[in-house]
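Here is what each chain is made of, one letter per residue.
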Amino acid sequence: MIAPHEIKEKEFTKAVRGYNTTEVDEYIDFLIDKYTELYKYSAELEQKLNSVKAKYDELSDDEESIRSAILKAQKLGEAIVNNAKTEADNIAATVDSRCDEVIRKAKDKLDAERESLRELRRCTDEFKQKLYDEYVAHLKMIKEMDFGDVENTDNDIPTDEQLEEAGKSAAGNTKEKVKRAAASVDDDDILAN
């Protein structure tokens, strides 16, 4: 672009038959004024454009760093979510495994206690049957006893000491069997069932 002062300083050669120099000079002055206004306006626009370009470049740099920060934040967020999901899955699997183990052990213990209770009931039934059989046998034996001679009864009738000793022996055997059966089952387990 030509500067206004270059136009002003431009000189033309004079010819004999040419235009009216005053009119041409006035018109050139008019054109120089208009051109000067346009030149200044163009300079102002160029300054504004440079300022806008600088701001754009600055914002563009900021935009790139913001975009980069957003991408990093998104990746970090995804990684955190994935890690949390993995950890939650691991915790859930561990809890499930432990729960299954506790349930299995409880079922095993319950089965063992039920078996002990069945064994105790069987022993009790056997003891009752044996006691009943012995009672019946004693009754038969008493029925079959021959008291024959009433005068010699002192020899046939056991003494109090003999009766007491026989009772202790029978009671001791019975108590021992009950203790063994009861030892195999815990009272709390019997009450629970």
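As the structure is a computational prediction, the values presented were derived from the model and not from experiment.

1. So, the overall build of the chain
- Each helix and strand counted, the chain has five helices and zero strands in total.
- Nonlocal contacts in the chain, meaning residues at least 24 apart in sequence, comprise 97% of its contacts between residues at least 6 apart.
- Surface summary for the chain: the accessible area is close to 17,700 Å², and the carbon and sulfur share equals 55%.

2. Some points on the confidence of the model for the chain
- Per-residue confidence for the chain gives a mean pLDDT of 81, with 79% of residues at or over 70.
- When mean pLDDT is taken per element in the chain, helix α2 (residues 21-144) scores highest with 90 and helix α5 (residues 187-192) scores lowest with 52.

3. A few points about the pattern of salt bridges
- Per the stated rule, a full pass over the model turns up seven salt bridges.
- Among the salt bridges present, the one from K105 reaches E101, with a minimum N-O distance of 4.0 Å. Placement of both K105 and E101 in helix α2 is noted, with a separation of four residues, approximately one turn of the helix.
- Overall, the relative accessible area of 51% leaves K105 in the exposed class.
- By relative accessible area, E101 is classed as partly exposed at 32%.

4. So, α2
- The first and last C-alpha atoms of α2 sit 178 Å apart over 124 residues, in line with the 184 Å expected at 1.5 Å per residue.
- Listed as buried for α2 are I32, E113, S116, L117 and L120.

5. Here's the deal with the environment of K34
- When you line up the elements, K34 lands in helix α2.
- Residue classification places K34 among the partly exposed residues on the basis of a relative accessible area of 39%.
- When the C-alpha atoms of K34 and P4 are compared, they prove to be 9.5 Å apart, with 30 residues separating the residues in sequence.

6. Overview of a negative patch on the surface
- A cluster of acidic residues, E23, D25, E26, D29, D33 and E37, forms a negative patch at the surface.
- Position of D33 among the secondary structure elements: in helix α2.

7. Things to note about the packing of aromatic side chains
- Under the criterion given, the structure shown has two aromatic pairs.
- Judged by centre distance (6.2 Å) and plane angle (35°), the ring pair of Y27 and F30 falls under tilted. Of this pair, Y27 and F30 both sit in helix α2, separated by three residues, roughly a single helical turn.
- Residue class for F30 comes out partly exposed when judged on its relative accessible area of 42%.

8. So, a nonpolar patch on the surface
- Taken together, the side chains of Y135, L139, M141, I142 and M145 define a hydrophobic patch exposed on the protein surface, amounting to about 520 Å² of accessible area.
- Looking at the element boundaries, Y135 is found in helix α2.

Cut-offs applied
- Just so you know, the residues in each chain are numbered from 1, in the order the chain's sequence is written.
- Only residues with pLDDT of at least 70 are given local features in this predicted model, and only at 80 or more are side-chain atom pairs given and counted; all residues enter the totals for whole chains, interfaces and linings.
- Only hydrogens and water are removed before side-chain values are computed, so all heavy atoms of the structure are retained for them.
- Only DSSP runs of H or I reaching four residues or more are called helices, and only runs of E reaching two or more are called strands; each is numbered from the N terminus.
- Residue contacts follow a heavy-atom distance rule, with two residues in contact if any of their heavy atoms lie within 4.5 Å.
- All accessibility values rest on the Shrake-Rupley procedure with a 1.4 Å probe; residue burial counts only the protein chains present in the view.
- Scored between 0 and 100, pLDDT is the confidence that the predictor attaches to each residue.
- Each reported salt bridge corresponds to a side-chain nitrogen of Lys or Arg within 4 Å of a carboxyl oxygen of Asp or Glu.
- When accessible area is computed with a 1.4 Å probe and restricted to protein chains, residues below 20% of their type maximum are described as buried, those above 50% as exposed, and intermediate ones as partly exposed.
- Between the first and last residue of a helix there are one fewer steps than residues, each counted as 1.5 Å, and that sum is the expected span.
- Grouping into patches uses exposed residues only, defined as over 30% relative accessible area, and leaves out salt-bridged ones; the cut-off is 9 Å for like charges and 5 Å for nonpolar side chains (Val, Leu, Ile, Met, Phe, Trp, Tyr).
- Positive charge is attributed to Lys and Arg, negative charge to Asp and Glu, and no charge count is given to His or to the chain ends.
- Lysine's charge is taken at NZ, arginine's at CZ, aspartate's at CG and glutamate's at CD.
- Between 30 and 60 degrees the pair is tilted, below 30 it is stacked and above 60 it is edge-to-face, where a pair is any two Phe, Tyr or Trp rings, Trp via its six-membered ring, whose centres lie within 6.5 Å.

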